[in-house]
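# Descriptive analysis of the structure
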Amino acid sequence: MNRLHRFFRTPEAIAGALILALLIAMALAAPLLFSGDPQAIAGPALLPPFHDWSLPLGTDRLGRDVLAELFHGARTSLAVGLAAAAAALLIGAVIGTLAGFAGGLVDEVLMRITDAFQTVPSFLLALAFVSIVGPSLGVVVAAIALGAWTGPARVARAEVLSIRERDYVAGARVIGMHPLEIAFREVLPNALPPVLALSSVIVAAAILTEAALSFLGLGDPNRVTWGGMIAEGRTVLRTAPFLSIIPGVSLVLTVLGVYLAGEGVVESTAVRRSLS
Amino acid sequence: MSLLAVSNLAKRYHRGSKPFAAVDDLSFEINPAETLALAGPSGSGKSTIARLVLRLIEPDAGRIDFEGGDFLALSGAALRARRARLQMVFQDPLAAFNPRATVARVLDDPLRIHNIASRAERPRRIAALLERVGLDASLATRAIHEISGGQRQRVAIARAIATKPSLIVLDEAVSALDVSVRGQILELLLDLQRQERIAYLFISHDLGVISAVAHRVVILDAGRIAESGDARAVIANPQSAIGKALVDAAPRLNRNRP
Amino acid sequence: MTALLSIRDLKVTYRRDGVAVPALKSVSLEVFAGERLAIIGESGSGKSTLALAIAGLLAGGAEIGGRMDWFLPAGAGAKAKDRQPSALATSHPRLGRDIGFVFQDPSSSLDPVMPVGKQIAEVARTHLGLGWKAAYAKAKTLLERVRLPNPDTILHAYPHQLSGGQKQRVAIAAAIAAAPKLLIADEATSALDTIVQAEIVSLIRRLVAEDGMTLLFISHDIALAASLADRIAVLRHGELVELGQTDQILEAPRHAYTRSLLDAHLGLDAKPLPNGQGASA
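## A few points about the overall build of chain A
Secondary structure assignment for chain A yields twelve helices and zero strands. Mapped in sequence order, the helices and strands of chain A form the string α-α-α-α-α-α-α-α-α-α-α-α. A principal-axis box enclosing the C-alpha atoms of chain A has dimensions of 75 × 45 × 30 Å. Classification of the 276 residues of chain A by burial places 47% in the buried group. For chain A, the proportion of contacts with a sequence separation of at least 24, taken over those separated by at least 6, is 71%. Summed over all atoms, the accessible surface of chain A reaches about 13000 Å², with 69% contributed by carbon and sulfur.

If you want it as structure tokens, here you go:
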């Protein structure tokens with residue numbers, strides 16, 4: 001109750017939450033409102049928006065309904081963004097916790113691997129991974145997570161390094177708790193808040209990376225994506241700019257919404273921490 | 001035979017580039033149901049000794065025999081199983097528990113880890129432990145941060161006795177408590193000692209508390225034993241320089257002063 | 001005796017998660033010029049809140065009620081700060097100039113990245129209007145006064161290079177740099193071991209006597225307070241339960257709570273607790 005109240009105190013957080021709510025509603029409503037195949041031909045090609053109210057946002061080069069594509073694209077963006085971020089946070093938190101808690105050689109090896117991943121630009125990594133394994137939704141998620149887990153891993157490790165010196169960790173050892181249980185039950189949950197604070201950045205980056213991959217034609221070909229829509233529109237940019245602008249603006253708003261809502265969550269938990 | 005025998009224990013740390021001995025060639029013994037106090041100024045090695053005895057840190061040299069076995073030779077599962085017999089209570093009861101924990105979870109852990117009670121039986125055991133340390137069983141559902149400092153230290157003691165230990169290390173366990181609570185906690189510790197024959201390694205900077213509860217005292221200075229002996233005799237008539245300084249520095253309540 | 005400070009009906013309330021938590025409920029007392037007054041109490045008694053209120057250091061969220069009247073010698077004292085409620089606005093003294101404050105933990109009250117000499121010199125510069133050179137000379141004298149060895153070396157040392165006791169001596173030197181009328185020590189020795197604690201207490205006693213300062217000594221330890229104070233005020237749950245001369249408090253406490261604090265003290269001659277050595281002896 002209180003936390004929600006604090007979250008909605010800033011206008012930025014409210015705006016972010018509204019955008020995200022709209023996006024989620026779009027994603028959920030897509031199969032209901034546009035039950036057919038969004039990639040099917042719905043009308044004449046290159047129909048501009050607001051001319052035909054059965055196709056409010058017009059059609060693309062092949063006569064597909066842009067609004068239906070937008071709704072189904074929201075589904076892909078959100079699914080890929082959330083799944084990739086969740087995977088990155090999970091991998092990062094586990095590796096960071098193991099490295100920080102075990103110390104010594106384990107820490108050394110895990111952190112050098114982290115370094116190696118961090119030195120390769122994450123987009124190149126995703127590009128290479130998808131081109132080798134082949135584009136499908138699962139592969140795209142894995143490819144994005146592959147480049148995004150290093151940040152959470154470093155934050156988790158730093159947090160774990162300070163937590164493992166606390167008395168309650170010593171206390172857990174004294175009662176004979178297994179080191180893995182100490183690491184994942186006592187230490188990790190308390191190391192999570194700063195790691196989770198990264199999640200909005202990671203979700204936003206994942207959505208952008210997915211769009212970029214699709215734009216380059218490396219997205220799942222069986223799904224509509226905003227990046228793919230922009231790529232489609234690019235060829236007719238001069239005659240029908242709306243085909244690129246509509247998904248582009250959606251992308252910007254989504255990333256903005258994720259950032260703002262994420263900031264709101266961080267702010268509200270920060271207030272709570274400083275009070276306690 | 002002694003319950004715990006520490007011989008020639010040594011631990012060095014590095015301060016900058018030069019090493020210094022936190023604990024230097026230290027030997028002492030504790031008998032069953034006995035309270036041995038460790039006293040000394042800060043930096044004398046009291047807390048290092050506590051952590052060495054509990055194997056929270058490893059010594060550079062020396063030997064620790066506990067319940068007739070080489071305690072330093074244990075590792076992995078054997079060490080974890082042995083820990084049931086050797087427990088600890090920390091100075092700050094808030095820092096000693098996972099900030100997310102409830103009282104029930106804190107007490108459930110040792111019972112589960114050492115297979116002391118089945119899952120179905122544990123709530124009853126937790127209630128009994130709480131009652132044993134003078135707390136109401138209904139406290140079990142509360143979060144650790146919701147209860148008072150004195151209650152928390154009682155929960156810490158309940159956790160320490162859950163596995164029926166023969167020795168509990170009390171590291172400044174009453175120093176952070178208000179005086180009115182301190183007396184009750186000391187009474188509880190002594191009652192447990194009498195009933196369960198638990199020995200205490202009682203680490204404290206407060207000679208008043210030590211003379212009230214300890215049988216013997218070891219006075220430390222820079223990681224070495226300055227003097228040791230019967231607690232009240234040593235405190236009444238200290239021989240070492242550090243012992244004299246500690247006694248002189250202790251605040252006195254001169255209730256019949258001129 | 002003349003009063004330095006008269007506190008009437010002081011109330012302080014904190015707000016935590018929208019809930020009002022009273023820390024002080026109507027406390028009235030007088031602090032006499034030149035006396036050593038100890039304020040003792042257990043956790044939650046409000047003793048630190050009282051110290052902070054007197055120093056004007058309460059956090060912004062605290063609600064303050066009642067009066068605090070200062071009787072500072074002419075010339076001292078500044079106009080009341082804006083954030084003090086009007087009821088308190090007479091001539092509130094300046095912290096650092098008129099009041100020296102020593103906190104419990106010198107590691108957090110000293111700036112970790114500034115040499116300690118500079119921290120003391122800054123106080124002297126700000127409040128005495130000295131130049132840097134004169135301020136450093138003053139800082140050196142102060143380090144000598146708080147009996148730190150090698151003041152020339154310590155002047156340029158950083159806090160982390162000093163022991164806890166040495167840091168507290170530096171904090172005391174900074175607190176008395178501007179020759180304040182009132183020195184407040186808020187649990188200033190609680191984080192130190194017994195031997196260092198005794199040294200710091202005797203240092204405070206000497207400095208207070210030499211400079212004719214008034215001392216407010218906040219402590220949870222009644223024996224420690226009694227060793228230093230002329231009068232003792234006992235706080236409990238935000239209320240003043242008893243205030244009297246040290247001898248009277250020790251020998252004839254009027255309040256049962258004071259008596260229980262005295263009884264709970266374990267001196268070196270403490271009898272073994274009932275279940276203690278009796279069993280083995």
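Having seen the structure, we can now continue with the description.
## Considering the sheet that holds strand S9 (residues 239-245) of chain C
Residue and element names in this part refer to chain C. Read across the open sheet, the six strands follow the order S5-S6-S7-S3-S8-S9; overall the sheet is mixed. The sheet is open, and its two edges are formed by strand S5 (99-102) and S9, each paired on a single side. Strand-to-strand twist of the sheet, defined as the mean angle between neighbouring strand axes without regard to direction, takes the value 15°. Relative to strand S8 (residues 231-236), strand S3 (residues 36-40) is paired through four bridges, and the arrangement is parallel. Along S8, the bridge assignment pairs Ile 39 with Ala 233. Helix-sheet contacts for helix H7 (residues 194-211) involve S3, strand S6 (182-186) and strand S7 (214-219), and the interaxial angle to S7 is about 160°. Relative to the sheet, helix H10 (residues 256-264) contacts S3, S8 and S9, its axis offset from that of S8 by approximately 105°.

## Section: the sheet that holds strand S5 (residues 69-70) of chain B
Whenever strands of a sheet pair, they do so through backbone hydrogen bonds, lying parallel or antiparallel. Residues and elements named next belong to chain B. Read from one edge of the open sheet, four strands run S2-S1-S4-S5, paired in antiparallel fashion. The open sheet terminates on both sides in strands that have one partner only, identified here as strand S2 (18-30) and S5. Sheet topology places strand S1 (residues 4-15) next to strand S4 (residues 61-66); five bridges connect them, and they run antiparallel. The residue of S4 that forms the bridge with Val 6 is Ile 64.

## Describing the pattern of salt bridges
All names here are of chain B. Under the criterion given, the structure shown has 42 salt bridges over all chains. The closest approach of N and O atoms between Arg 63 and Asp 70, which form a salt bridge, is 3.5 Å. On the accessibility criterion, Asp 70 (30% relative accessible area) is partly exposed. Linking Arg 85 and Glu 67 is a salt bridge whose minimum nitrogen-to-oxygen distance equals 2.8 Å. Of this pair, Arg 85 sits in the loop between helix H2 (76-82) and strand S6 (86-89) while Glu 67 is found in the loop between S4 and S5, placing the two residues 18 residues apart along the sequence. Using a relative accessible area of 30% as the deciding quantity, one classes Arg 85 as partly exposed. Its relative accessible area of 24% is what places Glu 67 among the partly exposed residues.

## Some remarks on helix H1 (residues 47-55) of chain C
Residue and element names in this part refer to chain C. Summarising burial for H1: seven of the nine residues are buried, a large majority. Residues Lys 47, Thr 49, Leu 50, Ala 51, Ala 53, Ile 54 and Ala 55 constitute the buried set of H1. Downstream of H1 by one or two residues, Gly 56 has phi in the positive range, about 70°.

## Some remarks on the environment of Ile 154 of chain C
Residues and elements named next belong to chain C. Assignment of secondary structure puts Ile 154 in helix H5 (residues 151-155). Looking at Ile 154, the relative accessible area reads 7%, which means it is buried. Considering only alpha carbons, one finds Ile 154 and Gly 117, 37 residues apart in sequence, at a separation of 7.1 Å.

## Looking at the interface of chain B and chain A
Note on interface size: it is often stated as the accessible area lost on association of the parts. Contacts between chain B and chain A engage 23 residues on the former and 17 residues on the latter. For the interface between chain B and chain A, the tally reads four salt bridges. One can count 14 residue pairs in polar contact (both at pLDDT 80 or more) joining chain B with chain A. Breaking the side of chain B that touches chain A down by element, the ones donating at least two residues are S6 and helix H3 (103-113) of chain B. It is H3 of chain B that provides the largest number of residues to the side of chain B that touches chain A, a total of five residues.

## What about the packing of aromatic side chains?
Residue and element names in this part refer to chain C. Scanning all chains against the criterion turns up six aromatic pairs over all chains. Ring geometry for Trp 132 against Tyr 136: centres 5.8 Å apart, planes inclined by 35°, an arrangement best described as tilted. Here the residue Trp 132 and the residue Tyr 136 both occupy positions in helix H4 (residues 132-145), the gap between them amounting to four residues, near one helical turn. By relative accessible area, Trp 132 is classed as partly exposed at 34%.

## Let's talk about the nonpolar core
Soluble globular proteins: nonpolar side chains tend toward being buried together. If you look at the biggest cluster of nonpolar residues, it comprises 59 residues, and the most contacted ones within it are Val 155, Ile 157, Phe 202 and Ile 210 of chain B. Setting aside residues no more than four positions away along its own chain, Phe 202 of chain B makes contact with Thr 35, Leu 36, Ala 37, Leu 38, Leu 170, Val 174, Leu 186, Val 209, Ile 210 and Val 213 of chain B. In terms of nonpolar packing, the next biggest core, distinct from the first, is built from 43 residues, Phe 34, Ala 74, Ala 211 and Val 236 of chain A among them.

## A short note on helix H6 (residues 164-175) of chain C
Residues and elements named next belong to chain C. The terminal C-alpha atoms of H6 lie 16 Å apart, and with twelve residues this matches the ideal 16 Å at 1.5 Å per residue to within 8%. Burial analysis of H6 places ten of its twelve residues in the buried class, which makes it a mostly covered element. Where H6 is concerned, the buried positions are Gly 165, Lys 167, Gln 168, Arg 169, Val 170, Ala 171, Ile 172, Ala 173, Ala 174 and Ala 175. Buried positions along H6 lie against S5, helix H2 (106-109), helix H3 (116-128), H4, S6 and H7.

## Focus on unusual backbone geometry
Even without being glycine, Asn 8 of chain B reaches a positive phi, approximately 50°. With respect to the secondary-structure elements, Asn 8 of chain B resides in strand S1. The class of Asn 8 of chain B is partly exposed, set by a relative accessible area of 44%. A positive phi angle, close to 50°, is found at His 237 of chain C, a residue other than glycine. Position of His 237 of chain C relative to the elements: it lies in the loop between S8 and S9.

## A short note on the interface of chain C and chain B
Taken residue by residue, the interface counts 34 residues in chain C and 37 residues in chain B. Both faces combined, the contact of chain C with chain B buries some 3100 Å², and carbon together with sulfur accounts for 56% of it. There are zero salt bridges connecting chain C and chain B. Taken together, the connections running from chain C to chain B amount to seven residue pairs in polar contact (both at pLDDT 80 or more). Contributions of two or more residues to the side of chain C that touches chain B are made by H7, helix H8 (222-226), helix H9 (246-251) and H10 of chain C.

Cut-off values and rules
Residues numbered from 1 in each chain as written. Chains lettered and ligands numbered in written order. Predicted model: local features only at pLDDT ≥ 70, side-chain atom pairs only at ≥ 80, totals over all residues. Heavy atoms only, no water. Helix = DSSP H or I, 4+ residues; strand = E, 2+ residues; numbered from the N terminus. Buried < 20%, exposed > 50% of the residue type's maximum accessible area, 1.4 Å probe, protein only. Contact = heavy atoms within 4.5 Å. Areas by Shrake-Rupley, 256 points an atom, 1.4 Å probe, with all protein chains shown as cover. Pairing = 2+ DSSP bridges. Axes fitted to C-alpha atoms, helices over the stretch in contact; angles between N-to-C directions. Salt bridge = Lys/Arg side-chain N within 4 Å of Asp/Glu carboxyl O. Polar contact = N/O pair within 3.5 Å; in protein donor to acceptor, adjacent residues only side chain to side chain. Phe/Tyr/Trp six-rings, centres within 6.5 Å; stacked < 30°, edge-to-face > 60°. Core = buried A, V, L, I, M, F, W, Y, C linked by side-chain atoms within 4.5 Å. Expected span 1.5 Å × (residues − 1). Buried area = accessible area lost by both parts, 1.4 Å probe.

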